Amino acid sequence: MTSTGPAAYSPLVIDHVRNPRNIGEMENPDGVGRVGNPICGDVMELYIKVNDGIITDASFKTFGCGAAIATSSMVTEMVKGKTIEEALEISNKAVAEALGGLPPVKMHCSVLAEEALKKAIENYYERRGEKPPFEIPVSHEHHH
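This write-up is about the structure you can find in this document. Note that this is a predicted model, so its numbers are computed, not measured.

Membership of the largest hydrophobic core comes to 37 residues, with the highest contact counts inside it found for Ile48, Ile55, Ile84, Leu117 and Ile121. Secondary-structure elements contributing two or more residues to this core are strand S2 (42–51), strand S3 (54–63), helix H2 (66–79), helix H3 (84–88), helix H4 (92–98) and helix H5 (107–127). Ranked by residue count, the leading element in this core is H5, at nine residues. What Ile121 contacts, discounting residues up to four positions off in sequence, is Ile48, Ile55, Ile84, Ala87, Leu88, Phe134 and Ile136.

What follows is about the packing of aromatic side chains. Evaluated as defined, the whole model comprises one aromatic pair. Geometrically, the ring pair formed by Tyr124 and Tyr125 is edge-to-face, given 5.0 Å between the ring centres and 65 degrees between the ring planes. We note that Tyr124, like Tyr125, is buried.

Turning our attention to the pattern of salt bridges. For side chains of opposite charge, pairing can occur when their charged atoms come near one another. Throughout the structure, instances matching the rule amount to six salt bridges. Note that Arg34 and Glu45 form a salt bridge whose closest N and O atoms lie 2.8 Å from each other. Of the two residues, Arg34 sits in strand S1 (residues 31–37) while Glu45 sits in strand S2, which places them 11 residues apart along the sequence. Assessed through its relative accessible area of 13%, Glu45 is described here as buried.

Its place among the elements puts Asp42 in strand S2. In this structure, Asp42 is buried with no salt-bridge partner, the nearest side chain bearing the opposite charge being Lys106 at 6.0 Å. A polar contact is formed between the side chain of Asp42 and the backbone nitrogen of Cys65, at a distance of 3.2 Å. Residues contacting Asp42, with those up to four places away along its chain left out, are Val35, Gly36, Asn37, Phe63, Gly64, Cys65, Ala68, His108, Cys109 and Leu112.

The rules behind these values
- In this numbering scheme, every chain counts its residues from 1 along its sequence in written order.
- Whole-chain, interface and lining totals are the exception, using all residues; otherwise, since this is a predicted model, local features are given only for residues with pLDDT of at least 70 and side-chain atom pairs are given and counted only at 80 or more.
- Computation of side-chain values covers all heavy atoms of the structure but excludes hydrogens and water.
- Working definition of a nonpolar core: buried Ala, Val, Leu, Ile, Met, Phe, Trp, Tyr and Cys residues. They are joined through side-chain atoms within 4.5 Å.
- When accessible area is computed with a 1.4 Å probe and restricted to protein chains, residues below 20% of their type maximum are described as buried, those above 50% as exposed, and intermediate ones as partly exposed.
- Counting from the N terminus, the helices are DSSP H or I runs at least four residues long and the strands are E runs at least two residues long.
- Here, residues are in contact when the closest pair of their heavy atoms is within 4.5 Å.
- Stacked, edge-to-face and tilted labels apply to pairs of Phe, Tyr and Trp rings (six-membered ring for Trp) whose centres lie within 6.5 Å, assigned for plane angles under 30 degrees, over 60, and everything in between, in that order.
- Any carboxyl oxygen of Asp or Glu within 4 Å of a side-chain nitrogen of Lys or Arg constitutes a salt bridge here.
- Charge counting follows a simple rule: Lys and Arg are positive, Asp and Glu are negative, and His as well as the terminal groups are ignored.
- Whenever two N or O atoms come within 3.5 Å, that pair is a polar contact, provided that in protein one can donate a hydrogen and the other can accept it, and provided that, for residues adjacent in sequence, both atoms are side-chain atoms.

This is the structure:
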């Protein structure tokens, strides 16, 4: 079972696992996205602060494997300072690429990170009693 060892992770993934950015529950977030993968038991919560349509802060709480922690950590870094529209364009592939790649068996973790972000944005609009001004895309990668 060597493929699941640390060697399968890029140095950046390992860095995010050891020193996760923006970890912890946020006080009074403007949006919370909670997603879980019952198969592997990963649970991810993403919190965002929004000011004038710009995500000014993001943090996360993740129970899961190293890749789940690294992808949540990276996605919070990627969304800071972005508009909601820009944040919605962040794909799981972009998260994985930003981390220097993920082992194929861990790609589902980046999908979770993307979904948590989209849920947090959706929740932000719900809390304001507004309809999102766009469709919230939910990407489930299907292999045809």
